[in-house]
Amino acid sequence: MPSLRTRGFTHYRWQTGMTAWMLHRLTGLALVFYITLHIWVVSSLQLGPETFEATMAVVSAPLFRFLEVGLLFCVIYHALNGIRLIAIDFFGATEKHAPLFYGLMAVGAILWIWGGGTMVGHALHQLHAGEPFFPF
Amino acid sequence: MAKRTFKIFRFNPETDEKPSYKTYEIDVQPAWTILDVLNEIKWFQDGTLTYRRSCRHGICGSCAMMVNGINNLACELQIATMKKDPIVIDPLPGFEIYKDLAVNMDPFYEALKRVKPWLINNDPAPSRERLQSQEEFALMGNSIACILCAACTSSCPSFWTDGEYLGPAALLKAFRYTFDTRDHGLDQRIEALDNKHGLWRCHKITNCFTACPKNLNPTEAISKLQKRIVEEKL
Ligand code: SF4
Ligand code: FES
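Let me sum up the structure you'll find in this document.

Criteria and thresholds
Residues numbered from 1 in each chain as written. Chains lettered and ligands numbered in written order. Predicted model: local features only at pLDDT ≥ 70, side-chain atom pairs only at ≥ 80, totals over all residues. Heavy atoms only, no water. Near = heavy atom within 4 Å. 1 Å grid on protein atoms, 1.4 Å probe; cavity = no way out; pocket = protein on both sides within 12 Å on 5 of 7 lines; lining within 4 Å. Sits in = over half its atoms within 2 Å of the grid points. Helix = DSSP H or I, 4+ residues; strand = E, 2+ residues; numbered from the N terminus. Nonpolar A, V, L, I, M, F, W, Y, C, P; charged D, E, K, R; others polar. Points joined across faces, edges and corners; volume = space filled by probe spheres on them. Polar contact = N/O pair within 3.5 Å; in protein donor to acceptor, adjacent residues only side chain to side chain. Contact = heavy atoms within 4.5 Å. Buried < 20%, exposed > 50% of the residue type's maximum accessible area, 1.4 Å probe, protein only. Arc of directions from axis to C-beta. Buried area = accessible area lost by both parts, 1.4 Å probe. Salt bridge = Lys/Arg side-chain N within 4 Å of Asp/Glu carboxyl O.

On to the site of ligand 1, then. Residue and element names in this part refer to chain B. Around ligand 1, 13 residues are found, and the nearest of them are C146, C149, A150, C152 and C212. Among the cavities detected, the one that contains ligand 1 is the second largest cavity. Among the secondary structure elements, those contributing two or more residues to the shell around ligand 1 are α4 (151-154) and α6 (167-178). Tallied by class, residues from the shell around ligand 1 come to twelve nonpolar, no polar and one charged.

Below you can see the structure in the form of structure tokens.
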């Protein structure tokens with residue numbers, strides 16, 4: 001008999017709570033990936049100043065500026081939804097969790113547009129100065 | 001009378017390879033619930049449709065199913081409140097399907113048994129009942145009103161991926177006894193709760209809270225129980 005146990009993922013309605021949880025997971029995984037990459041990049045310092053400078057030149061290319069806009073999204077989302085989860089766990093906010101989510105997301109959107117805008121501006125500036133988009 | 005369309009999940013594991021949906025056009029009376037529609041189909045149009053029901057007034061918990069993507073009681077859900085057409089009816093997700101809308105609820109009852117859902121108190125019984133003050137009673141909140149319909153457990157993604165997870169209904173029961181001032185059984189329940197299929201699998205997704213037809217709040221009960229267990233362990 002076919003396994004129908006997980007058909008909730010495709011048939012249950014994606015309400016605020018389930019969507020927020022899935023995004024929390026995905027941004028969490030992205031952050032773990034980023035931290036690993038970050039430690040690896042910074043560890044090039046062990047190989048001497050030249051190697052470090054060369055690595056830093058790669059990761060400050062416009063491509064990475066754009067990726068950082070995505071990183072900023074993950075950080076902001078994960079932090080703000082984390083606040084919501086703390087509110088649910090410690091301040092009995094379950095009944096208000098959905099408006100709380102949208103309120104926090106409004107704050108997050110402002111932060112993201114603000115910070116992301118600065119990053120994109122910087123990348124465009126680099127491209128304008130003739131830096132190649134891909135560092136490799 | 002208004003004509004409404006119902007798309008109903010059909011699956012007979014003895015004859016079908018895959019589940020499918022069957023569409024029914026029904027003349028709906030103004031005050032009909034989903035259960036009235038299912039009865040209309042079974043009694044007058046298609047006797048092969050299988051589903052569970054008993055009390056038909058929201059107290060036995062037999063008729064929980066997924067309607068338009070959210071778990072609810074078929075006998076409480078009024079057709080008039082639903083604008084969307086067709087109305088899609090599915091069995092409770094997360095359980096093995098016996099036939100059509102009837103699922104195997106064994107894992108649900110197994111989980112319930114693991115939390116020992118009865119009063120544990122070895123003190124000699126007083127000559128009359130064990131009294132509680134209003135304030136002590138209030139600690140349990142409305143958790144005593146659970147009808148064990150499984151709408152919550154079946155709506156929980158943690159349960160979909162781990163069929164041994166206690167799930168919100170069993171955890172709400174554990175909360176109900178742990179926060180009952182007459183109960184002394186936490187040390188007998190803690191093993192089932194503080195375990196990889198227990199309390200810590202709750203990620204505060206809140207599907208249980210939105211699904212519960214009795215407006216109970218298993219999410220909050222689990223948070224309180226988690227705090228209690230941490231305090232107990234420290
Ligand atoms: S908590 Fe609500 S949804 Fe869950 S079993 Fe009890 S009555 Fe049903
Ligand atoms: S038939 Fe009893 S709760 Fe619906």
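This next bit is on empty space enclosed by the protein. Residue and element names in this part refer to chain B. Applying the stated criterion across every chain, the model contains two cavities of 30 Å³ or more. Volume-wise, the largest cavity comes out at about 110 Å³. If you go around the largest cavity, you meet 15 residues; those closest to its centre are C156, C202, I205, T206 and C208. Partitioned by chemical class, the residues of the lining of the largest cavity number eight nonpolar, five polar and two charged. Taken as a whole, the second largest cavity spans an internal volume of roughly 80 Å³. Considering the residues around the second largest cavity, the lining is formed by 13 residues, among which C146, C149, C152, C212 and L216 are closest to the centre. Breaking the lining of the second largest cavity down by element, the ones donating at least two residues are α4 and α6. Taken together, the residues that form the lining of the second largest cavity break down as 13 nonpolar, no polar and no charged.

Another point: the side chain of N217(B). For N217(B), the location among the structural elements is in the loop between α8 (207-211) and α9 (218-233). In terms of polar contacts, N217(B) uses its side chain to reach the backbone amide nitrogen of E220(B), at 3.0 Å. Beyond its immediate sequence surroundings of up to four residues, N217(B) is in contact with T94(A), E95(A), L172(B) and F209(B).

As a further point, take helix α3 (residues 49-59) of chain A. Residues and elements named next belong to chain A. For α3, every residue scored as buried is listed here: F52, T55 and V59. Each buried residue of α3 lies within a common arc of 65° when the element is viewed along its axis, so the set occupies one face. When the buried face of α3 is taken as reference, the exposed residues oriented beyond 90 degrees from it are P49, E50 and E53. Those residues of α3 that are buried are in contact with α2 (16-42) and α4 (62-91).

Turning our attention to the interface of chain A and chain B. In many analyses, interface size is given as the accessible surface area lost on bringing the parts together. Taken residue by residue, the interface counts 25 residues in chain A and 38 residues in chain B. The largest per-residue losses of area from chain A upon contact with chain B belong to R5(A), R7(A) and Y12(A), which jointly make up 26% of the total buried on that side. Applying the counting rule to chain A against chain B returns two salt bridges. Taken together, chain A and chain B are joined by 14 residue pairs in polar contact (both at pLDDT 80 or more). Those elements that place two or more of their residues in the side of chain A that touches chain B are α1 (8-11), α2 and α4 of chain A. Here the side of chain A that touches chain B gets five residues from one element, more than from any other, and that element is α4(A). Across the side of chain A that touches chain B, the residue classes break down as ten nonpolar, eight polar and seven charged.

In this section: unusual backbone geometry. Residue and element names in this part refer to chain B. For the bond running from D85 to P86, omega is -5°, close enough to zero to count as cis. Position of P86 relative to the elements: it lies in the loop between β4 (70-73) and β5 (87-90). Despite not being glycine, D100 has its phi angle at roughly 50°, a positive value. Along the polypeptide, D100 turns up in the loop between β6 (97-99) and β7 (102-103). For L148, which is not glycine, the phi dihedral falls at a positive 55°. With respect to the helices and strands, the residue L148 is situated in the loop between α3 (134-138) and α4.

Glancing now at the environment of T118(A). By the element assignment, T118(A) lies in helix α5 (residues 97-128). Along the chain, T118(A) and V69(A) lie 49 residues apart, while their C-alpha atoms are 9.4 Å from each other.

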